[in-house]
Amino acid sequence: MFTSRSTHLIIITCVFLLLISSIVSGTDHIVGANRGWNPGINYTLWANNHTFYVGDFISFRYQKTQYNAFEVNKTGYDNCTLDSAIGNWSSGKDFILLNKSQRYYFICGTGGCFNGMKVTIRVHPLPSPPSSTVAASEHSGSSVVRKSMFAVLVMVLASLISI
């Protein structure tokens, strides 16, 4: 059975992990939103309504027995060919880390590309921190709160460990 000390330690650890994950995680962009990765969807329009940054994810949701996702170069994208495949995914729920600032090209390799199952996105570098004092004062509140929460969590964890 858990003691009071171990229960507190577990709770504090969970809160700490949630706090850290919210600070370092990128956005998950689900291709096609609630319509997923399927034929007949305007993925150019979908991509134009999103801003992608290094560290974000793009995810493909589809019937794994029918479709897949391939990363290709521009020629493979334009011609719906897999000759230039850089990566491929087929789980039906694929999460792809966008780890470089560049243009990415994705197509369906089961023939869906010819029915519009292709998308290209531009990934931007992470924005620089604000440089003006006005912008800094607007954003410093949340930064101070995060740093304070982190410091409190570290102190609580240290005190629980020393008990």
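Relevant structure appears above.
Cut-offs applied
- Residues numbered from 1 in each chain as written.
- Predicted model: local features only at pLDDT ≥ 70, side-chain atom pairs only at ≥ 80, totals over all residues.
- Heavy atoms only, no water.
- Helix = DSSP H or I, 4+ residues; strand = E, 2+ residues; numbered from the N terminus.
- Buried < 20%, exposed > 50% of the residue type's maximum accessible area, 1.4 Å probe, protein only.
- Contact = heavy atoms within 4.5 Å.
- Areas by Shrake-Rupley, 256 points an atom, 1.4 Å probe, with all protein chains shown as cover.
- Phe/Tyr/Trp six-rings, centres within 6.5 Å; stacked < 30°, edge-to-face > 60°.
- Lys NZ or Arg CZ within 6 Å of the ring centre and 35° of its normal.
- Salt bridge = Lys/Arg side-chain N within 4 Å of Asp/Glu carboxyl O.
- Pairing = 2+ DSSP bridges.
- Axes fitted to C-alpha atoms, helices over the stretch in contact; angles between N-to-C directions.

## As for the overall build of the chain
If you tally the helices and strands in the chain, you get 4 helices and 8 strands. Here the chain holds 163 residues, and the buried ones make up 29% of them. Relative to all contacts within the chain whose residues are 6 or more apart in sequence, the contacts with residues 24 or more apart total 68%. For the chain, the accessible surface area stands at approximately 10200 Å², while carbon and sulfur atoms represent 61% of it.

## Comments concerning the packing of aromatic side chains
How two aromatic rings sit relative to each other is given by the distance of their centres and the angle of their planes. Evaluated as defined, the whole model comprises 7 aromatic pairs. Ring centres 5.9 Å apart and planes at 55 degrees place the aromatic pair Trp46 and Phe52 in the tilted group. Looking at Trp46, the relative accessible area reads 10%, which means it is buried. Chaining the aromatic ring pairs together yields one cluster made of Trp37, Tyr43, Phe60, Trp89, Tyr104 and Phe106. Over the aromatic face of Tyr77 sits the side chain of Lys118, whose NZ or CZ is 4.6 Å from the ring centroid.

## Details of the pattern of salt bridges
This model, assessed by the stated rule, comprises 2 salt bridges. Taking the shortest distance from any N to any O, the salt bridge between Arg61 and Asp28 comes out at 3.4 Å. Taken together, the residues span a long stretch of sequence, with Arg61 in strand S3 (residues 57-61) and Asp28 in strand S1 (residues 28-30) at a distance of 33 residues. For Asp28, a relative accessible area of 32% translates into the label partly exposed. Residues Asp78 and Lys74 are paired through a salt bridge, measuring 2.8 Å at the closest nitrogen-oxygen approach. Residue Asp78 and its partner Lys74 are located together in helix H3 (residues 74-79), separated by 4 residues, close to a single helical turn. A relative accessible area of 42% places Asp78 in the partly exposed class.

## Notes on the sheet that holds S3
Read from one edge of the open sheet, 3 strands run S1-S3-S6, paired in mixed fashion. In the strand order of this sheet, the two ends are held by S1 and strand S6 (93-97), each with one partner. The mean angle between the axes of side-by-side strands here comes to 25 degrees, regardless of whether they run parallel or antiparallel. In this sheet, S3 lies alongside S1 in parallel orientation, the contact comprising 3 bridges. Paired with Ile30 across the strands is Ser59, a residue of S3.

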